[in-house]
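Next come the chains, spelled out residue by residue.
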Number of protein chains: 2
Amino acid sequence: MSDLLAELRAALPDGAVLTDPDLLRGYRRDEADLCAYGMPAVVVRPRSTDEVVAVVRAAAARGVPVVPQGARTGLAGAANAVDGAVVIAMTAMDRIVEIDPVNRIAVVQPGVVNAALARAVAEQGLRYPPDPGSWESSTIGGNVSTNAGGMCCVKYGVTTEYVLGLEVVLASGEVLRTGRRTAKGVAGYDLTRLFVGSEGTLGIITEITVALRPAPEDSLTLVAVFPSTAAAGAAVAAISSAGLTPSLLELLDRTHLGAIEAYQPMGLRTDAKALLLAAADTGARAAAELERIAELCTAAGADEVYAATDAVEAAALLQARRLAHPAMEKFALDAFPGGNGGLIIDDVAVPRTALAALLDGIEKVSAEYGVPIGVVGHAGDGNLHPNIVVDRADPASVERGRLAFDAIMQIALSMGGTCTGEHGVGLLKRDWLAREIGPVGVRVHQAIKAALDPAGLLNPGKVF
Amino acid sequence: MSDLLAELRAALPDGAVLTDPDLLRGYRRDEADLCAYGMPAVVVRPRSTDEVVAVVRAAAARGVPVVPQGARTGLAGAANAVDGAVVIAMTAMDRIVEIDPVNRIAVVQPGVVNAALARAVAEQGLRYPPDPGSWESSTIGGNVSTNAGGMCCVKYGVTTEYVLGLEVVLASGEVLRTGRRTAKGVAGYDLTRLFVGSEGTLGIITEITVALRPAPEDSLTLVAVFPSTAAAGAAVAAISSAGLTPSLLELLDRTHLGAIEAYQPMGLRTDAKALLLAAADTGARAAAELERIAELCTAAGADEVYAATDAVEAAALLQARRLAHPAMEKFALDAFPGGNGGLIIDDVAVPRTALAALLDGIEKVSAEYGVPIGVVGHAGDGNLHPNIVVDRADPASVERGRLAFDAIMQIALSMGGTCTGEHGVGLLKRDWLAREIGPVGVRVHQAIKAALDPAGLLNPGKVF
């Protein structure tokens, strides 16, 4: 180990090799609850691809595992350290290398924060759509590694739709360039998208070329208040069925409405059983689209439908939605004495037609296992986050939460859904991935992993 | 071999195992000129996944190569047989299994013809956007295997954007299911997109789940006539730079205009050096968008800009564009005595800003090598098809054509482009793929191929 440290210190600048245990502790885990994590032997903060190569080669030569990390905002434990690992913290590689407004691409280092890129391209009349809840702190490298989603996905798709090319340091220390800078290209296997969402298990991403879109047109926003979650689910199916393409279609249940109002009063109707937040952004057509969405919400049983009167009100509604995660964390924390409340965050996605049935199923699971479950999510995509509230100090409560978590995934899979719509597999859902993709799928994953990382050093134990 | 035939005959229904040399000859090659092809030992026409499994197992047990084919309309030789191979013709698996209008997905067997799917979903108010030139005859399985493009891609993207999940028979005979039926999902590696565009080298696709869109809104179409190809290229860059998103932006050069008029008079201005065909389809905004496109064309030097006055005229313009390929083939055929004229079809893509320079470069290559080159393509994507006219009876002419083909790819790569925007690699561009992706990229391709097909039996010799 001292030999490894000496090699790392020789290859990296002063201050880029951390070994102080107090510092290392901060690099042990991401934001997923209930996932195992270890203590890294060393954390390195490289500033260039060459430095990443040096780190990977030094670790590989000694059979030491390598765990890449972005901002550690992940919700599945994919960035958790294993004992004795070299953690490569990519946050110091945070340069926007290029923005090309005519070809609508940007080239960035992996440590660039999502919001920093979004704001930089906005200054040039462009948009980088993927907007995970963590966008103010999570990095593009982390977003790419987990194929992050967000609220825009219902119309604009997830991260992978915007990744044109990558530079990746392989387990061998070789530098691979994938993809292209052109709008179209089909040269060879789609290695770019093999690395997107591979959660650091196949290589260390050191540069990313993303596609941009023209800046969004003005959007209009509405809120529909429902007397039942099932009615809200039916409204989503009706909107999809009518061929509408809202630019945002989010659901908040009563638990979340209450949690948000307690966290920061936003004037939400806390008596509602569910609320849908919808937007349309096709400029001149937005008003007509939103009117149609309002009609369909009313037809599905909405008590009240109201449109934001201006951009300020629309922004406030979006802000309320963005508060759902911290507000629910606070709600959970306060739900049990001693601040021991915690959340198990689920992330299932089902066909849109199954949304109402899934919401129903979640209510039953909550009753059956005796755990409060709040539901929030990207209803337009059929992607929900059931947030299960447990008392971390009480093993029985945690166990009931775990069982509820499993029961919800079982329901989603039985509906033709997936165990993860956008958070990824990490450690949290390894067993569920295996169930979802079956033994042949697992064998193919193993074969590809072995082809690219035969010694199994890159982010070991994650995904499968 | 007789033993293999007996096993195939036992596993497949009567008439599904072809050995008559006269029939086999029809399965030797796709539409790519100048690519090697062999004589298959047998052609099978399976009707189910189980039959495909039986064929793959029978061939693998004997080390016999397997070459999958769709409609053989490919332009890179990817479907060409090798001597002694089992050709699996997938065209008999042509069932649309399901169309789900609310979740906007369809499930199809690989032999479904693109136009058949497009028409079937249109009846339900939906759209399957990918529209390769061959759409009336090519199959979805072939489209997926080559990641086919088309005219809609400038706004709606290529085939891979619409593939949600696959069923694939692996070289081992195991059946793999990838992907999902949900709008979102990030469970494990993106195996779906690894198979998309892999040209039959990793597995035999037996079922495809595709995403659909709402039916297109009314579109408006215009034509701009340019005194130089460079001016047309500049107009494309200006349209992209202005943040416009035409639903179609196609270029035809003078050679193609003449060829089309000779093939079927469409009233095109054959005195023009280049013509841009543009459409906008965002309903109420289409008129404003198209007006802006017209202004930018005029500013870039267009002699004349005119809008189609109605849907009939717009359809006629599209039809003229669709005639470019057969018209150019006829033009080539007649260009040399004895009907020996042929085309070498290129498919480069460059950043949109480089389009004018690429057009310039192609003109110089044509002059330097003394070969006529017509250019047509998806200008809005920076994806051009330089069509090189050669005399197949004259080895010197073919050689000059080959050199021109290489010179054009060299220019595209030097501009940050790719050797194939949408036709794929096949046999035609293997050398160029290696140049484009470099030795590390080739090694990663080989490692993945070896992981999934260790004996190298699936479509051997293709892509890399």
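Everything quoted here is computed from the prediction, not taken from an experiment. All residue numbers here refer to positions counted from 1 along the written sequence of the relevant chain. Going through the entries in the order they are written, you letter the chains from A and number the ligands from 1. For this predicted model, a pLDDT threshold of at least 70 governs which residues receive local features, and a threshold of 80 or more governs which side-chain atom pairs are given and counted, while totals over whole chains, interfaces and linings are taken from all residues. By convention in this description, side-chain values take in all heavy atoms of the structure and omit both hydrogens and water.

Colleague: Got a minute to help me understand the overall build of chain A in this structure?
Modeller: We count a stretch as a helix when DSSP gives it H or I for four or more residues in a row; a strand needs E for two or more, and each element gets its number in order from the N terminus. Within chain A one finds 15 helices and 19 strands. Both definitions apply: the radius of gyration is a C-alpha atom measure, and the globule rule equals 2.2 Å times residues to the power 0.38. The C-alpha radius of gyration of chain A comes to 22 Å, within 12% of the 23 Å expected for a compact globule of 464 residues. Taken over the C-alpha atoms alone, chain A extends approximately 70 × 55 × 45 Å along its principal axes. Relative accessible area decides the class of each residue, using a 1.4 Å probe on protein chains only: under 20% of the type maximum gives buried, over 50% gives exposed, and in between gives partly exposed. For chain A, with 464 residues in total, the buried portion stands at 60%.

Colleague: Teacher, can you tell me more about the interface of chain A and chain B here?
Modeller: Much of the literature gives interface size as the accessible area that the parts lose upon coming together. Residues are treated as being in contact if the distance between any of their heavy atoms lies within 4.5 Å. Taken residue by residue, the interface counts 77 residues in chain A and 77 residues in chain B. As a working definition, buried area equals the accessible area (1.4 Å probe) given up by two parts on being put together, with both sides summed. Taken as a group, A:K184, A:V186 and A:Y189 account for 16% of the area that chain A buries against chain B, more than any other trio of residues on that side. The rule for a salt bridge is simple: a side-chain nitrogen of Lys or Arg has to be within 4 Å of a carboxyl oxygen of Asp or Glu. Applying the counting criterion to the chain A and chain B interface returns 8 salt bridges. B:K184 is the salt-bridge partner of A:D381, the closest N and O atoms lying 3.6 Å from each other. Here a polar contact is taken to be a pair of N or O atoms separated by no more than 3.5 Å, where protein atoms must pair a possible hydrogen donor with a possible acceptor and residues adjacent in sequence count only if both atoms sit in side chains. At the junction of chain A and chain B, the tally comes to 26 residue pairs in polar contact (both at pLDDT 80 or more). Looking at the side of chain A that touches chain B, the elements with two or more residues in it are β9 (175-179), α7 (191-195), α8 (229-241) and α15 (430-452) of chain A. At 12 residues, α15(A) tops the list of elements feeding residues into the side of chain A that touches chain B. Following the grouping adopted for this structure description, the nonpolar residues are Ala, Val, Leu, Ile, Met, Phe, Trp, Tyr, Cys and Pro, the charged ones are Asp, Glu, Lys and Arg, and the polar ones are all others, Gly among them. Grouping the amino acids of the side of chain A that touches chain B by side-chain chemistry returns 32 nonpolar, 30 polar and 15 charged.

Colleague: Looking at this structure, I do not really get the sheet that holds strand β1 (residues 17-18) of chain B. What am I missing?
Modeller: Residues and elements named next belong to chain B. DSSP calls a pair of strands paired once it identifies at least 2 bridges connecting them. Here we have 4 strands laid out as an open sheet, ordered β1-β2-β4-β3, and mixed in their pairing. The sheet terminates laterally at β1 and β3 (66-69), the two strands that pair on one side only. As defined by bridge partners, β1 adjoins strand β2 (residues 42-44) across 2 bridges and the pair is classed as antiparallel. Bridge pairing in β2 links L18 to V43. Angles here are taken between N-to-C directions and fall from 0 to 180 degrees, while the axes themselves are lines fitted to C-alpha atoms, restricted in helices to the stretch in contact. Across the face of the sheet, helix α1 (residues 2-11) comes into contact with β1, β2 and β4 (86-89) while running at roughly 15° to β2. The strands touched by helix α3 (residues 49-61) are β2, β3 and β4; relative to β4, the strand with the most contacts, the crossing angle is about 170°.

Colleague: Teacher, can you tell me more about the domain arrangement of chain A here?
Modeller: Residues and elements named next belong to chain A. Marked domain ranges trace back to an automatic or database domain assignment. You can read the domains of chain A as domain 1 (2-91), domain 2 (93-214) and domain 3 (220-414). Distance between the C-alpha centres of domain 2 and domain 3: 28 Å. Interface area for domain 2 against domain 3, summed over the two sides, is near 970 Å², with a carbon-plus-sulfur share of 52%. Three residues, M151, V154 and K155, lead the burial of domain 2 against domain 3; their summed loss comes to 69% of the area buried on that side. Taken together, domain 2 and domain 3 are joined by 2 salt bridges. A salt bridge links R322 to D131, with the nearest nitrogen and oxygen atoms 3.7 Å apart.

Colleague: Help me understand the sheet that holds strand β6 (residues 105-108) of chain A, please; the structure alone is not making it clear to me.
Modeller: Neighbouring strands of a sheet are bound in pairs by backbone hydrogen bonds; such pairs are parallel or else antiparallel. Residues and elements named next belong to chain A. An order of β5-β6-β10-β8-β9 is seen for the 5 strands of this open sheet, with the pairing classed as antiparallel. Each having just a single partner strand, β5 (96-100) and β9 make up the two edges of the open sheet. If you compare each strand with its neighbour and ignore which way they point, the axes differ by 10° on average. Strand direction decides the pairing type here: strand β8 (residues 163-169) and strand β10 (residues 204-211), joined by 6 bridges, are antiparallel. The partner of V168 across the bridge, within β10, is I205. Along the sheet, helix α3 (residues 49-61) contacts β8, β9 and β10; its crossing angle with β8, the most-contacted strand, is approximately 50°. Against the sheet, helix α4 (residues 114-122) makes contact with β5, β6 and β10, and its axis sits at roughly 35° relative to β5, the strand it touches most.

Colleague: Which parts of the structure should I look at to understand the side chain of A:T49?
Modeller: Residue and element names in this part refer to chain A. Position of T49 among the secondary structure elements: in helix α3. Judged by its relative accessible area of 16%, T49 falls in the buried class. The contacts of T49, once residues within four sequence positions are left out, are M93, E167, V169, V175 and T206.

Colleague: Would you take a moment to explain the UniProt feature "domain: FAD-binding PCMH-type" (unreviewed entry) in chain A for this structure?
Modeller: According to UniProt, the "domain: FAD-binding PCMH-type" (unreviewed entry) feature falls on residues 36-215 of chain A. The span residues 36-215 of chain A is 21% helix and 24% strand, and its two end C-alpha atoms sit 41 Å from each other. UniProt positions are given in the numbering used here, feature names are shortened, and annotations may be inferred rather than shown by experiment.

Colleague: How do you make sense of the packing of aromatic side chains when you look at a structure like this?
Modeller: Think of a pair of aromatic rings as described by two things: how far the centres are apart, and how the planes are tilted against each other in angle. Geometry of aromatic contacts follows a simple scheme: Phe, Tyr and Trp rings, the Trp one being its six-membered ring, pair when their centres are within 6.5 Å, and the pair is stacked under 30 degrees between planes, edge-to-face over 60, tilted otherwise. For the coordinates displayed, the defined rule picks out 4 aromatic pairs over all chains. Measuring from ring centre to ring centre gives 5.5 Å for A:F464 and B:Y189, while their planes differ by 85°; the resulting arrangement is edge-to-face. Taken together, the residues span two chains, with A:F464 in the segment after α15 and B:Y189 in the loop between β9 (175-179) and α7 (191-195). Whether a charge sits over a ring depends on NZ of Lys or CZ of Arg being within 6 Å of the ring centre and within 35 degrees of the ring normal. Against the face of B:Y27 rests B:R72, its NZ or CZ located 4.6 Å from the ring centre.

Colleague: Before we go on, may I ask you to explain the pairing of strand β14 (residues 274-280) of chain A in this structure?
Modeller: Residues in a regular strand project their side chains so that they alternate between the two faces of the sheet. All names here are of chain A. Burial of β14 is extensive: 7 of the 7 residues sit out of reach of the surface. Burial along β14 is two-sided: the face carrying A274, L276, A278 and A280 and the face carrying L275, L277 and A279 are both buried. Here strand β12 (residues 220-226) pairs with β14 via 7 bridges, running antiparallel. In the strand pairing of β14, V225 is matched with L275.

Colleague: Would you mind showing me how to read the relation of the copies chain A and chain B here?
Modeller: Two chain copies here: they are related by a rotation about an axis and a translation along the same axis. Superposing copies: least-squares fit, C-alpha atoms only, residues required to have pLDDT of at least 70 in both. When chain A is brought onto chain B, the operation consists of a screw motion whose angular component is 180° and whose axial shift is 0.0 Å, with 0.0 Å RMSD remaining. Between the two chains, the operation in question is that of a two-fold axis. When the interface residues of chain A are mapped onto chain B, 100% of them again fall at the interface, so both copies present the same face.

Colleague: Any chance you could explain the side chain of B:E51 here in plain terms?
Modeller: The topology assignment puts B:E51 in helix α3. For the purpose of counting charges, residues Lys and Arg are taken to be positive, whereas Asp and Glu are taken to be negative. His and the chain ends are not included. Although buried, B:E51 forms no salt bridge, and the nearest oppositely charged side chain, B:R47, lies 6.3 Å from it.

Colleague: Quick question: what am I supposed to make of the environment of A:S241 here?
Modeller: Mapped onto the elements of the fold, A:S241 is located in helix α8. A relative accessible area of 44% places A:S241 in the partly exposed class.

Colleague: In this structure, what is going on with the pairing of strand β8 (residues 163-169) of chain B? I would like to understand it.
Modeller: All names here are of chain B. By the criterion of burial, β8 is predominantly enclosed, with 7 of the 7 residues buried. Pairing of β8 with β9, which is carried by 5 bridges, proceeds in the antiparallel orientation. Each residue of the ladder has a partner; that of L166, found in β9, is T178. Hairpin geometry of β8 and β9 is characterised by an intervening segment of 5 residues between the two adjacent antiparallel strands and by a positive phi of about 90° at G173.

Colleague: Can you help me understand unusual backbone geometry in this one?
Modeller: In most cases, non-glycine residues show a negative phi, while peptide bonds are predominantly trans. Here the phi dihedral of A:R72 falls at roughly 55°; this positive angle occurs in a residue that is not glycine. Looking at the secondary structure, you find A:R72 in the loop between β3 (66-69) and β4 (86-89). Assessed through its relative accessible area of 23%, A:R72 is described here as partly exposed. Phi at B:N147 takes a positive value of approximately 50°, unusual for a residue other than glycine. One can find B:N147 in the loop between α5 (140-146) and α6 (153-156). Under the relative-accessibility criterion, B:N147 is labelled buried at 9%.

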